[in-house]
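# Descriptive structure summary
Residues per chain are reported as follows:
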Amino acid sequence: MADPAGCCRPCATCLLCLYSCRWVTAKKEKKKGLKTTKCDCSWFFFLFGVFLFTLVWLYFAIIILNDFHNFNEFIFKKRKVWLDWSLVLLIATAVLITYSAVLLVLALCLQLCGQPLKLHWLHKTLLMLTAVVVAAAFTGLGIKWAEEWRSARISLQATGPFLHIGVVGGMTLLAWPLASFIYRTRNTGLRVFLLVVYCAVMMALYLAPLGITSPCIMEENQLPPKPALVGHRGAPMLAPENTLMSLYKAVECDVQVFETDVMVSADGVPFLMHDEELTRTTNVQAVFPKRAALNSTAFNWTELQQLDAGSWFLERRPFPTVRNLSAGDRDQATKQRIPSLEQALEAARQSNISIMFDLRPENHSDYQSFVNATLEVILKSGIPLQQVLWLPDGFRDQVKQQAPDIQQVYGRKRLQNEKEPPLHVNLPYQDMSSEEIRQYRQDNISVNLYVVNQPWLFSVLWCSGVSSVTTNACQVLKEMKHPMWLLPSSTYLMIWIVVDCASFLAILWAFLLLKKCSKRRQTVESETDVLLTKINSLMQE
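Residues numbered from 1 in each chain as written. Predicted model: local features only at pLDDT ≥ 70, side-chain atom pairs only at ≥ 80, totals over all residues. Heavy atoms only, no water.

### Here's the deal with the state of the cysteines
Put simply, the test is: Two cysteine sulfurs form a disulfide in these notes if their separation is within 2.5 Å. Think of it this way: any DSSP run of H or I at least four residues long counts as a helix, any run of E at least two long counts as a strand, and we number them from the N terminus. Here the term buried applies to any residue with accessible area under 20% of the maximum for its type, exposed to any over 50%, and partly exposed to those in between, with areas from a 1.4 Å probe on protein chains only.
The tally for this structure, following the rule as stated, stands at one disulfide. Paired through a disulfide, C216 and C463 show a sulfur-sulfur distance of 2.2 Å. The chirality of the disulfide connecting C216 with C463 is right-handed, given an S-S dihedral of about 95°. Of this pair, C216 sits in the loop between α9 (188–207) and β1 (228–232) while C463 sits in helix α19 (residues 455–464), and the two are 247 residues apart along the sequence. Across the pair, exposure class does not vary: C216 and C463 are buried alike.

### Considering the environment of K226
Formally: Pairing of N or O atoms within 3.5 Å defines a polar contact, subject to two protein rules: one partner must be a possible hydrogen donor and the other a possible acceptor, and residues neighboring in sequence count only if both atoms are side-chain atoms.
As for its placement among the helices and strands, K226 is situated in the loop between α9 and β1. Within the structure, the side chain of K226 is placed 3.2 Å from the backbone oxygen of K478, a separation counted as a polar contact. Reaching out from K226, the side chain makes a polar contact with the backbone oxygen of M480 at a distance of 2.7 Å.

### A closer look at the packing of helix α7 (residues 147–173) against helix α8 (residues 175–184)
This is how it is decided: Lines are fitted to the C-alpha atoms to define the axes, a helix being fitted only along its stretch in contact, and any angle between axes, read from their N-to-C directions, falls within 0 to 180 degrees. Note on terminology: angles under 35 degrees are roughly parallel, angles over 145 are roughly antiparallel, angles of 65 to 115 are roughly perpendicular, and the others are oblique. Only heavy atoms enter the contact rule, under which two residues are in contact if any of them lie within 4.5 Å. Note on residue classes: Ala, Val, Leu, Ile, Met, Phe, Trp, Tyr, Cys and Pro are nonpolar, Asp, Glu, Lys and Arg are charged, and everything else, Gly too, is polar.
Put simply, α7 and α8 touch, their axes get as near as 4 Å, and they point 30° apart. Taken together, the axes of α7 and α8 lie roughly parallel to each other. Every residue of α8 that contacts α7 at M171, T172 and L173 is listed here: A175, W176 and P177. Residue composition of the contact of α7 with α8, by class: five nonpolar, one polar and no charged.

### A word on the pairing of strand β9 (residues 468–471)
In the case of a regular strand, side chains alternate between the two sheet surfaces. So the rule is basically this: Handedness of a crossover is defined as follows: orient the strands so they point away from the viewer, and if the path from the first strand over the helix to the second runs clockwise, the crossover is right-handed.
Along β9, one buried face is formed by S468 and T470 and the opposite face, lined by V469 and T471, is buried too. Following the backbone out of strand β8 (residues 446–450), through α19 and into the adjacent parallel β9, one traces a crossover that is right-handed.

### Regarding the side chain of D329
Relative to the helices and strands, D329 is located in helix α14 (residues 327–334). Given a relative accessible area of 15%, D329 falls into the buried group. Other than its neighbours up to four places away in sequence, D329 contacts M245 and K249.

### Comments concerning a nonpolar patch on the surface
Rules: Patch members must show over 30% relative accessible area and no salt bridge, and they are joined within 9 Å when carrying like charges or within 5 Å when they are nonpolar side chains of Val, Leu, Ile, Met, Phe, Trp or Tyr. Using a 1.4 Å probe, the Shrake-Rupley method yields the accessible areas, and only the shown protein chains count as cover for residues. When a carboxyl oxygen of Asp or Glu is within 4 Å of a side-chain nitrogen of Lys or Arg, the pair counts as a salt bridge.
On the surface, a cluster of nonpolar side chains totalling about 480 Å² of accessible area is made up of W121, L122, L126, L129 and V133. Looking at the secondary structure, you find L122 in helix α6 (residues 121–144).

### Considerations on the nonpolar core
For clarity, the threshold we go by: For the purposes of this section, nonpolar cores are sets of buried Ala, Val, Leu, Ile, Met, Phe, Trp, Tyr and Cys residues that join through side-chain atoms within 4.5 Å.
If you look at the biggest cluster of nonpolar residues, it comprises 40 residues, and the most contacted ones within it are L449, F458, L461 and V469. Within the residue set of this core, elements represented by two or more residues are α3 (38–63), α7, β7 (424–428), α18 (434–442), β8, α19 and α20 (474–477). When residues of this core are assigned to their parent elements, the largest contribution, seven residues, is made by α19. Excluding its chain neighbours within four sequence positions, the residues that come into contact with L449 are L427, P428, Y429, M432, I437, L461, V466, S468, V469 and T470. Counting 39 residues, the second largest nonpolar core, distinct from the first, contains F44, V50, L127 and Y206.

### Quick look at the pattern of salt bridges
Per the stated rule, a full pass over the model turns up 20 salt bridges. Each member of the salt-bridge network shares a partner with another, and the members are E73, R233, E241, D275 and R280.

Below, the structure is given as structure tokens:
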């Protein structure tokens, strides 16, 4: 078989070396008469499947970055070791996708060059290992972090139109090696099967936009107002969480609500703290080493004031933004102490922002006394009660009676036939669809969704009409003046038609061009065979 035009023998030799892990020239390979067997084809399809599998995992890895800080906190609670595991995830995923992508490109190039696909056993082993690792990652995600599947559904609303264009482009490029293989193989059944499958896949892709929906496919004048920002524990990317510094940094980010968590000390002082233990966000292990594992509520206020609530932020760097802090911010962070609720209310009052909090731990035997102590501090603080958003469900009726002006925020959806539906709801962003958000907005129910850090997610929720979002990245979302993309339906329809038509013409061109090259190659081979026959006859005479 003659080498195809444009495929030099040194290039083919290099490709064979990388793919087969043996230095054999293309000319020698040709003399040996080696061909791609059914087993080799099976390994190619396995390679293609592993590449797609890893590519899907890469997509998931990018999506779950929005919530990965929660995973880091979870690992710290279990192992007491802090590490930004998102970096490990991205590096491992990049290695796997790069390896499988390089092998796939090598295989496709070898096919275009008319060389056999003899995958080396080492590559086969590594491919199986890649498939096992990615399968384990998906399994772990499904068991320990099942809500991320719903995050993926939301992400498709943000990326669907662009994924469609990318997949159509990739499948269009695949037409070249596919056409080359179809014109080379003598197996009619395999040829028809591959052609039918390819045409069916392309037809499904061409019609895929009929099933793609996104809230951001709308006219400019239909775009709802930008959601208000709620600082999750303040501005935790810019300052130690649940500190006064974090509150003031959130104010600089134009947040309207400071979201925090309240606990009550052993002597009845409400203070800001998220974790039930103090080990992650203070130096309790150095100050009280024998009591470090105790619940935060086991310490009195005097003891809590001895703890450093800021240095951990510089040492562990929970977010990459810590590296960019100024010298002044670093110095200020080291001086942070655990603030009381009274201090936080005064800071919120002076900054003219609202404060929303949960009261922890909900299962504590003295929870009612916690509610009473917290409510007492609020009523004495002088803050307008309309600026206080109450999240705890426990003893809510008591709070309504003693302070009816406090805004009640519910962590659930409204119930059917509910006489007094909630005016404010606070839910994970995975729990509400775009249709539900629009319906709540029409019914004048304020919807706050948490935790929203990535611009793509903020854009989808913005287009859906959400009232506000709780975020760690207030400094990023503050700068967004517009969703990442907004397409009128007519524009999207035009893009859809243009992409599909361009793809169809490119595929048609690929098959026609390679058919012409195949006929030319067959003519050359026929002429060569005739010439060799004549030479052989002359030599016999």
